[in-house]
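Each chain, written out:
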Amino acid sequence: MPTSKTQVDISEAFGRIRQKFEQSLPERAETMLTLALNLTKGNELGQLKAEAHKLAGACGTFGYAELGKMARQIEQRVIDIGSLSAELRELKMPELNQQLYQFKQSVAHALNFSAPVTEAQINKSNEQRPIWLMLSNQQLSDELVSQLKAFGHAVVQLTDFESCLKRLQTETPALLFSEIQQADGSDLFKQNFLLNSLQQQQCRLMVFSEQDEFKLRIKAAQQHADDFFVSPLDVPNMISRIAELLEHSSGSKGRVYIVDDDAMLAEHYALVLNRIGIETVINKHPQKIVEELINFQPDLILMDMYMPHYTGAELAGVIRQYPPLRRLPIVFLSSEQNKNVQNRAMEHGADDFITKPINDSQLAQAVKVRLARSIQIKTLVEKDNLTGLIKHSAIKDLAELEFERTQRSAKPLSIVMLDIDHFKKVNDTYGHATGDVVITALATLLKKRIRKTDRAGRYGGEEFMLVLPDCDAAQARELARQILASFAVLHFNTAIEQFSCTFSAGVASTCDKKYNNAEQLIIGADDALYKAKHAGRNQVC
Ligand code: GH3
Ligand code: MG
């Protein structure tokens, strides 16, 4: 299963794989030569071609471009020889042997002069970094602190640019929310050194202004500010914007499932992708591919085209037989350069091609672009516009998927249904737009409070569903209670007055053996929710 690796872990692992690859090279060169020298039937030619093909791709990846080129020429020579009659083959063999011998010597030479692995820059994680507030209005600042804390953020209040700069020497915030013009007349946009330091530390910037002036907005854009807020501050909107920004700049940049019969190469690709924040799982047994895909839920599959037991196109065909996997993009990573063969593979379920050999940064870039697009499409299809939570049908599908997984793992699964209390009154009293703010605030809170493996969906207008794998009924109840406590203290400001809301929640868990499928579990949680409503609302049942 995917693990988040530290910078040290990753560069060590890179070194290990490269070393393993280098150690295997002389033997692989020797094996090819032996195969050619003992050539009796056509069999060895097939093995020889497969080995040369694998080396052609792998050598380039591990920084041995010349060896990769030689391996590709060997592969081509083997293909040519394979099409000849027995007598002609006999005549051509010495040339191939000569080439293989040269390859073996080049391997020995290259290993004597091999260069160390270069370190790539790794982004610092944004997790747990605090939000810095710089506002002259102390009351507003205090109010923001309590609201942001309810969403689980660490917050630091600062009073002037100087102290901000000083603190920046030892700490890195995730985001600075700053007024443009401080009460003492100092101007954020004149703090060039501070703004540069923030940018260097990849800190997000949100600005707040008393006036909405185009001139100020241009200045904010010049400083790459992520957002511009005008007084009076729309707090729920600001908080959901913060959640959105921090969600994008920390954690996983997507998931990629890797299929390549060359274990070392697969592991190397995984590390290249881990380094830029992409989670990976490597397929080890083709027979387990569907089960693993359902478990891992990748955003993209990176697949080798030629493998000993099944071709990439065949595996793509199997994947497409499963409806939940039909939309999953499959990108072939292959040393196949023939466009006709590539096009044929595209007809058989592949979505794109990346050609080997490819260097690490090209691979990272190529995958990143395709991954971003895949996630974008998935978001459009599955996410609710107002809240960014998973839509009704998609969250039900996920509940089913998790239920199936639970059956196999014997771990508990809980479902929580939540519904805002007397929400109709909110709409009637303060207007539909304010109602939307309340819905968004609860959605933001849910996203913030659940674990990475949990899922939150908008089940109906003001009804939400949490799918909590590996979580029993008592833990689910506790989580729902904590979220309720945080939600109840949020204040919503309107022209009429300030108000707060509560919700009711129902929990159902597979610890209770009466549920045979996800549908029943959802109904169970819904029944519990209605019990909570009838018992007076503002509680978890
Ligand atoms: P209860 O405590 O029993 O849940 O009462 P309630 O008033 O919350 O429930 P009811 O089902 O009577 O009303 C829900 C209201 O939510 C009705 C509907 O117009 C409103 N609603 C549904 N979707 C949205 C939305 O996206 N935005 C807003 N502002 N209101 C919505
Ligand atoms: Mg309601």
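Keep in mind that this is a model prediction, so the values were computed, not measured.

Draft legend 1. How the structure looks around the sheet that holds strand E13 (residues 463-469). Sheet architecture is open: four strands sit in the order E12-E13-E11-E16, paired in antiparallel fashion. Each edge of the open sheet is held by one strand with a lone partner, namely strand E12 (455-458) and strand E16 (503-509). Looking at each pair of strands side by side, their axes are set apart by 20° on average, direction ignored. Sheet topology places strand E11 (residues 413-420) next to E16; seven bridges connect them, and they run antiparallel. Considered in E16, the bridge of Val416 is made with Val507.

Draft legend 2. The nonpolar core, seen in detail. Ranked by internal contacts, the top residues of the largest apolar core, which has 57 residues, are Phe177 and Leu466. Sorting elements by how many residues they give to this core places helix H17 (residues 432-449) first, with seven residues. Two domains each put at least three residues into this core: domain 2 (131-250) and domain 4 (392-534). Among all residues touching Leu466, those that are not within four sequence positions of it are Ser414, Ile415, Val416, Leu418, Leu446, Ile450, Arg455, Ala456, Leu479 and Ile483.

Draft legend 3. Structural detail: the coordination of the magnesium ion (ligand 2). For the magnesium ion (ligand 2), the protein coordination sphere consists of Asp419 (OD), Ile420 (O) and Glu462 (OE), at 2.0 to 2.3 Å. Mapping the donors of the magnesium ion (ligand 2) onto the primary sequence gives the spacing D-I-x41-E. Remark: Glu462 occurs in the loop between E12 and E13 and Asp419 occurs in strand E11; sequence separation between them is 43 residues. For Asp419, a relative accessible area of 7% corresponds to the buried category.

Draft legend 4. The arrangement of the pairing of strand E2 (residues 155-158) in detail. Two strands pair when backbone bridges link them, and strand E1 (residues 131-134) and E2 are joined in this way by four bridges, in the parallel orientation. The residue of E2 that forms the bridge with Ile131 is Val155. The handedness of the E1 to E2 crossover, carried by helix H5 (residues 138-150), is right-handed.

Draft legend 5. Just the pairing of strand E7 (residues 279-282), in detail. In the sheet, strand E6 (residues 255-259) pairs with E7 via four bridges, with the strands oriented parallel. Bridge assignment links Ile258 to a residue of E7, and that residue is Ile282. Regarding the hand of the β-α-β motif, the stretch spanning E6, helix H10 (residues 263-274) and E7 is right-handed.

Draft legend 6. Quick look at the UniProt feature "domain: Response regulatory" (unreviewed entry) in the protein. Those residues carrying the UniProt feature "domain: Response regulatory" (unreviewed entry) are residues 130-246 and 255-371 in this numbering. Annotated as 44% helix and 20% strand, the span residues 130-246 places its first and last C-alpha atoms 11 Å apart. End-to-end, the C-alpha atoms of residues 255-371 are 8 Å apart, and along that stretch the chain is 42% helix and 19% strand.

Draft legend 7. Layout of the packing of aromatic side chains. Summed over all chains, the structure comprises seven aromatic pairs. Linked through ring pairs, Phe177, Phe208 and Phe229 together constitute an aromatic cluster.

Draft legend 8. Representation of the domain arrangement of the protein within the structure. If you check the domain split of the protein, you get domain 1 (4-112), domain 2 (131-250), domain 3 (257-382) and domain 4 (392-534). Domain 2 and domain 4 are separated by 31 Å when their C-alpha centres are compared. With eleven residues of domain 2 at the interface, the matching set in domain 4 holds 13 residues. Taken as a group, Ala150, Phe151 and Pro236 account for 51% of the area that domain 2 buries against domain 4, more than any other trio of residues on that side. Seen at the junction of domain 2 and domain 4, the total is zero salt bridges. Where domain 2 touches domain 4, the interface holds zero residue pairs in polar contact (both at pLDDT 80 or more). Of the residues assigned to the side of domain 2 that touches domain 4, the class counts are five nonpolar, four polar and two charged.

Cut-offs applied
Counting from 1, residues in each chain are numbered in the order their sequence is written. Written order decides the labels, with chains lettered from A and ligands numbered from 1. The predicted origin of the model limits local features to residues at a pLDDT of at least 70 and limits the giving and counting of side-chain atom pairs to 80 or more, whereas totals for whole chains, interfaces and linings rest on all residues. In computing side-chain properties, one takes all heavy atoms of the structure into account and sets aside hydrogens as well as water. DSSP calls a pair of strands paired once it identifies at least 2 bridges connecting them. Secondary structure counts use DSSP, requiring at least four H or I residues in a row for a helix and at least two E residues in a row for a strand, with both numbered from the N terminus. Helix axes are fitted to C-alpha atoms over the stretch in contact, other axes to C-alpha atoms as well, and angles between N-to-C directions run from 0 to 180 degrees. Nonpolar core, defined: a set of buried Ala, Val, Leu, Ile, Met, Phe, Trp, Tyr and Cys residues in which side-chain atoms within 4.5 Å join the residues together. Only protein chains enter the area calculation, which uses a 1.4 Å probe; residues under 20% of their type maximum are buried, those over 50% are exposed, and those in between are partly exposed. The split into domains, and so the bounds of each, comes from an automatic or database assignment of domains. The contact criterion used throughout is that any non-hydrogen atoms of two residues lie within 4.5 Å. Nitrogen, oxygen and sulfur within 2.8 Å of a metal are treated as its donors, or within 3.2 Å for sodium, potassium and calcium (Na, K, Ca); water is not counted, so a site can appear incomplete. With the strands aimed away from the viewer, a crossover counts as right-handed if its path from the first strand over the helix to the second runs clockwise. UniProt positions are given in the numbering used here, feature names are shortened, and annotations may be inferred rather than shown by experiment. Each pair of aromatic rings taken from Phe, Tyr and Trp, with Trp reduced to its six-membered ring, is defined by centres within 6.5 Å and is described as stacked if the planes are under 30 degrees apart, edge-to-face if over 60, and tilted in the remaining cases. Accessible area, probed at 1.4 Å, shrinks when two parts are joined; the buried area is that loss added up over both. What counts as a salt bridge is simple: a side-chain nitrogen of Lys or Arg found within 4 Å of a carboxyl oxygen of Asp or Glu. Here a polar contact means two N or O atoms within 3.5 Å. Within protein one must be a hydrogen donor candidate and the other an acceptor candidate, and residues neighboring in sequence count only if both atoms are side-chain atoms. Three residue categories are used. Nonpolar comprises Ala, Val, Leu, Ile, Met, Phe, Trp, Tyr, Cys and Pro, charged comprises Asp, Glu, Lys and Arg, and polar comprises the others, including Gly.

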